[in-house]
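Summary of structural features
Next come the chains, spelled out residue by residue.
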Amino acid sequence: MDGICKLCNQLKDLRDSHIVPRWSHRRLVRVGETTGMPRTIQVFDDTAMVLATQDSEHLLCAECEQRFGLWENAVARVAVQPDDSFPALDRVAVIGAAADGRKIADASTLPDDLIPFALSILWRASVCGLENYRNVSLGARYNEEFRAYLHGETPIPDNVRLLVQLLEPTEPRIDRLIVPPESDAIGAYHRHQFLIFGMYFYVAVGGAGELHLLDEESLDRNRRVSIGTGDFIRRNLALRVAGVQARGAFARDGNR
Ligand SMILES: [Zn+2]
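Residues numbered from 1 in each chain as written. Predicted model: local features only at pLDDT ≥ 70, side-chain atom pairs only at ≥ 80, totals over all residues.

**As for helix H5 (residues 139–150)**
Think of an α-helix as 3.6 residues a turn; residues three or four steps apart then line up on the same face. Rules: Working definition: helices are DSSP H or I runs of at least four residues, strands are E runs of at least two. Numbering for both runs from the N terminus. By this rule, a helix spans an expected 1.5 Å times one less than how many residues it contains. Each residue is classed by its C-beta neighbour count within 10 Å, where at least 20 other C-beta atoms makes it buried, 12 or fewer makes it exposed, and intermediate counts make it partly exposed; the C-beta atoms are placed from backbone geometry.
With twelve residues, H5 should reach 16 Å at 1.5 Å per residue; the first-to-last C-alpha distance of 16 Å fits that figure. The set of residues buried in H5 consists of Tyr142, Glu145, Phe146, Arg147, Tyr149 and Leu150. Gly152, located one to two residues past H5, shows a positive phi value of around 85°.

**What about the sheet that holds strand E2 (residues 11–18)?**
Put simply, the test is: Note on pairing: two strands pair once DSSP finds at least 2 bridges between them. Axes here refer to lines fitted to C-alpha atoms; in helices the fit is confined to the stretch in contact. Angles between the N-to-C directions go from 0 to 180 degrees. By definition, residue pairs are in contact when their C-beta atoms, positioned from the backbone, come within 7 Å.
What the three strands build is an open sheet, ordered E1-E2-E5; its pairing is antiparallel. If you trace the sheet from one side to the other, it starts and ends with strand E1 (2–4) and strand E5 (56–61), each paired once. Taking the axes of each pair of neighbouring strands and ignoring which way they run, one obtains an average angle of 65° across the sheet. In the sheet, E1 pairs with E2 via three bridges, with the strands oriented antiparallel. Bridging from a neighbouring strand, Asp2 pairs with Asp13 of E2. The strands touched by helix H2 (residues 62–78) within the sheet are E2 and E5, with E5 carrying the most contacts at an inclination of about 100°.

**Points about the packing of helix H4 (residues 114–127) against H5**
Heads up, the rule is: Working rule for angles: under 35 degrees goes down as roughly parallel, over 145 as roughly antiparallel, 65 to 115 as roughly perpendicular, anything else as oblique. Whether a crossing is left-handed or right-handed is set by the direction in which the near helix is turned from the far one by less than a right angle, anticlockwise for left-handed and clockwise for right-handed. For this classification, the nonpolar set comprises Ala, Val, Leu, Ile, Met, Phe, Trp, Tyr, Cys and Pro, the charged set comprises Asp, Glu, Lys and Arg, and every other residue, Gly included, is treated as polar.
Where H4 meets H5, the axes come as close as 10 Å, and the angle between the chain directions of the two elements is 135°. Classified by the angle their axes make, H4 and H5 are oblique. Crossing handedness for the pair H4 and H5: left-handed. For the pair formed by H4 and H5, the contact residues are Pro116, Leu119, Ser120, Trp123, Ser126 and Val127 on the first element and Asn143, Phe146, Arg147, Tyr149 and Leu150 on the second. In terms of residue class, the contact of H4 with H5 is made up of seven nonpolar, three polar and one charged.

**Describing the nonpolar core**
We count it as follows: In this usage, the nonpolar core is the set of buried Ala, Val, Leu, Ile, Met, Phe, Trp, Tyr and Cys residues whose C-beta atoms join them within 7 Å.
Ala118, Val164 and Val203 are the most contacted members of the largest nonpolar core, which has 62 residues in total. Among the elements that make up this core, the one with the highest residue count is H4 (ten residues). Residues contacting Val203, with those up to four places away along its chain left out, are Ala118, Leu119, Leu122, Val160, Leu162, Arg191 and His192.

**Regarding unusual backbone geometry**
Even without glycine at this site, Phe197 takes up a positive phi of about 45°. Counting through the fold element by element, Phe197 comes out in the loop between strand E10 (189–196) and strand E11 (199–206). In this structure, Arg223 takes a positive phi of about 50° despite not being glycine. Mapping Arg223 onto the fold places it in the loop between helix H6 (219–222) and strand E12 (224–228).

This is the structure we're talking about:
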């Protein structure tokens, strides 16, 4: 299908581009098979669905898709693996503790690909026209600033900070979950977040001078990550699931 590639702005044959990388979906399916859990439950806003296929859209040309693929592969190698090992957690060195109990770790041993990977997931969700991501928006200015950075034209935009939390395996397990990107405003900046196989990504954008408060823990500025139990994600999911309407196969199979 010919069209304008959203990343390089050229008229090209466009690929069916995934928003959340394909490996994560494959891994989720595989984990589901061995544990007997449903294949994949996705929660979007107030709707939970079991999806057989991932959502995708004709967004990128083959060359740009390949560019994203390199970052995705690097992240796939350090995320929680099908055998439950977690290379990223094994590799980082704890150097301190935050007031809320999380550990702070030196992440200079992790691939730099984590940074463009995180921004590319949010950018894809922001520029696609899919209904599931209608609430994920970087706004026109950052759509373009992210695009230029992801295409290799500019350094990372100034008003952006990336925080990454590695989740320790605690019950109930959430480190095998994918929570797709979502956005909201907090104080002076917008936060965009998603969870993928043990790694919680938090990107703060905008924020009239407040962003430097995040510098110390940030991956992009200071090569740090935090390590925690992810209780805030568990609480959010519990609240969310309580208000969720089941759709599709989830509605039919939910009472099993
Ligand atoms: Zn392209």
